[in-house]
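The lines below spell out each chain.
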Amino acid sequence: MTALPKPAAELSADEARRTALRAQGFLGTPDRRAGVRGALRHLGAVQLDTISVLARSHELVPYARLGAVGRTAVDRAYWTPDARGLPTAFEYWSHAACLLPIEEWPHFAFRRRAYRNRPQWHHDLPDGAYERVIHQLRTEGPLTATELGGAKNGGEWWDWSASKVAVERALMHGEVVCVERRGWKRVYDLAERAVPAELLHDELDDRECLRRLVRLAGRSLGVGTRADIADYHRLKGEQVDSVIADSGLVPVTVAGWDRAAWADPAALETPPRGRHRTTLLSPFDSLIWERARTERIFGFTHRLEAYVPKPKRVHGYFAMPLLSGGRLLGRVDPARDGRTLVAKQVSLESAKAVEPMARALREAAEWVGCDDVRVERLDRPEWAAALTAALR
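Residues numbered from 1 in each chain as written. Predicted model: local features only at pLDDT ≥ 70, side-chain atom pairs only at ≥ 80, totals over all residues. Heavy atoms only, no water.

Asker: Hey, could you go over unusual backbone geometry for me, with residue numbers and the actual values?
Answerer: Of note in the backbone geometry, W184 takes a positive phi value of approximately 70° without being a glycine. Within the fold, W184 resides in the loop between β6 (176-182) and β7 (185-190). In this model, R234 sits at a positive phi of 55°, which is unusual for a non-glycine residue. Within the fold, R234 resides in the loop between α10 (226-232) and α11 (237-243). (Helix = DSSP H or I, 4+ residues; strand = E, 2+ residues; numbered from the N terminus.)

Take a look at the structure:
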């Protein structure tokens, strides 16, 4: 077994936590001039999901970092073309279904090749269906699945129509790209037409794709273990191992971590300082994507319970962790009732979390156009009066 290189630095657990917060845009002053697009480039990936409680997750992610950016402005920033009329972002499979900066298109050539060589798919495809979809996009321009002939056969949600299967397969192959959503429907276009010419290639071999993605993941994490880095773009551990020595990341040790770690060298140049953000986090926020990492860095166990049977839920359907002072201090399961933000269940780690939770709820309510906040359940009833007073 090859010995690990000598660590470039030794970090305390607190230094690692603050390094991660700064890398994710929660410590220090964010570049507000760069806005939502800048946040996307900084993070490298923003996860998409169909659940919408306060807002959809891809809206909550920039809100958590930049504050009350208008929801319309968020969507416009993601989907509006640049001055050349070309997209600045695209959708693809990264950590999950994600929005990615268009500059990362070449880095996913390894995944596109893997999909093209895939022998088996979950959906069968009738002869000629793939070619018909490509021809229709070529002749008619960008289209939704409905406009291509319908997304479903009329059965359950997974019972896709032939045109939907074909266009999704073309998307995974890289022949088609999604660079816009209309009413949450993907709008498909030919990659040759939508992706800037200087980026439209699969010239990078698998190793170079992996090297670049490992480097970008390390930059977005600040510091992370092999598993942390692999999880960011859902790489395999052995893929990370094959390129990490050439990625530009440097080995470090972190007090209390029982495994090797790597860091972005730029993150080690200056100590992380600045203003902490107080905010509610989407369960799909990249700061807390990986449960083991979240527990290791914050000492906080979090699980999305949307797919857990209601009687077995502990914290609620879409419990959003509260970040304040660089710590995770509790969580709230939100809902909306007209112009009232409803905190269906509030769970707090200590009495010190009462005021930050109230502040985060008030800000979130204002952001989504609510006039009032109503708390339905608090896990520590003895703090109810204090929370009610703080919300006024």
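On we go.
Asker: Can you tell me about the environment of I51, naming the residues and giving the values?
Answerer: Mapped onto the elements of the fold, I51 is located in the loop between β2 (46-47) and α3 (57-66). Separated by 255 residues in sequence, I51 and A306 have C-alpha atoms that sit 8.9 Å apart. Sequence-distant contacts of I51, that is, excluding residues within four places in its chain, are made with R56, S57, A306, Y307, Y317 and F318. (Contact = heavy atoms within 4.5 Å.)

Asker: Tell me what's going on with the sheet that holds strand β4 (residues 97-101), and back it up with residues and numbers.
Answerer: Taken together, the three strands give an open sheet; going across it, the order is β2-β4-β3, and neighbouring strands pair in antiparallel fashion. In this open sheet, the two edge strands, each paired with only one partner strand, are β2 and β3 (89-93). Of the pairings in the sheet, the one linking β3 to β4 comprises five bridges and is antiparallel in character. Pairing of W93 across the sheet is with A97, part of β4. (Pairing = 2+ DSSP bridges.)

Asker: Outline the packing of helix α5 (residues 109-116) against helix α9 (residues 206-221), supporting the account with residue identities and numerical values.
Answerer: Direction vectors running N to C along α5 and α9 enclose 130°, while the axes themselves pass 8 Å from each other. By the angle between their axes, α5 is oblique relative to α9. Contacts between α5 and α9 involve A109, F110 and R113 on the former and, on the latter, D206, C209, L210 and L213. Grouping the constituent residues of the contact of α5 with α9 by class yields five nonpolar, no polar and two charged. (Axes fitted to C-alpha atoms, helices over the stretch in contact; angles between N-to-C directions. Parallel < 35°, antiparallel > 145°, perpendicular 65-115°, else oblique. Nonpolar A, V, L, I, M, F, W, Y, C, P; charged D, E, K, R; others polar.)

Asker: Tell me about the layout of surface pockets, residues and numbers included.
Answerer: Reported here for the second largest pocket is a volume of approximately 400 Å³. If you trace the second largest pocket, you find 23 residues lining it, with R22, A23, Q24, G25 and H42 closest to the centre. Residue assignment for the lining of the second largest pocket shows that the elements contributing at least two residues are α1 (13-23), α2 (35-43), α3 and α12 (265-269). (1 Å grid on protein atoms, 1.4 Å probe; cavity = no way out; pocket = protein on both sides within 12 Å on 5 of 7 lines; lining within 4 Å. Points joined across faces, edges and corners; volume = space filled by probe spheres on them.)

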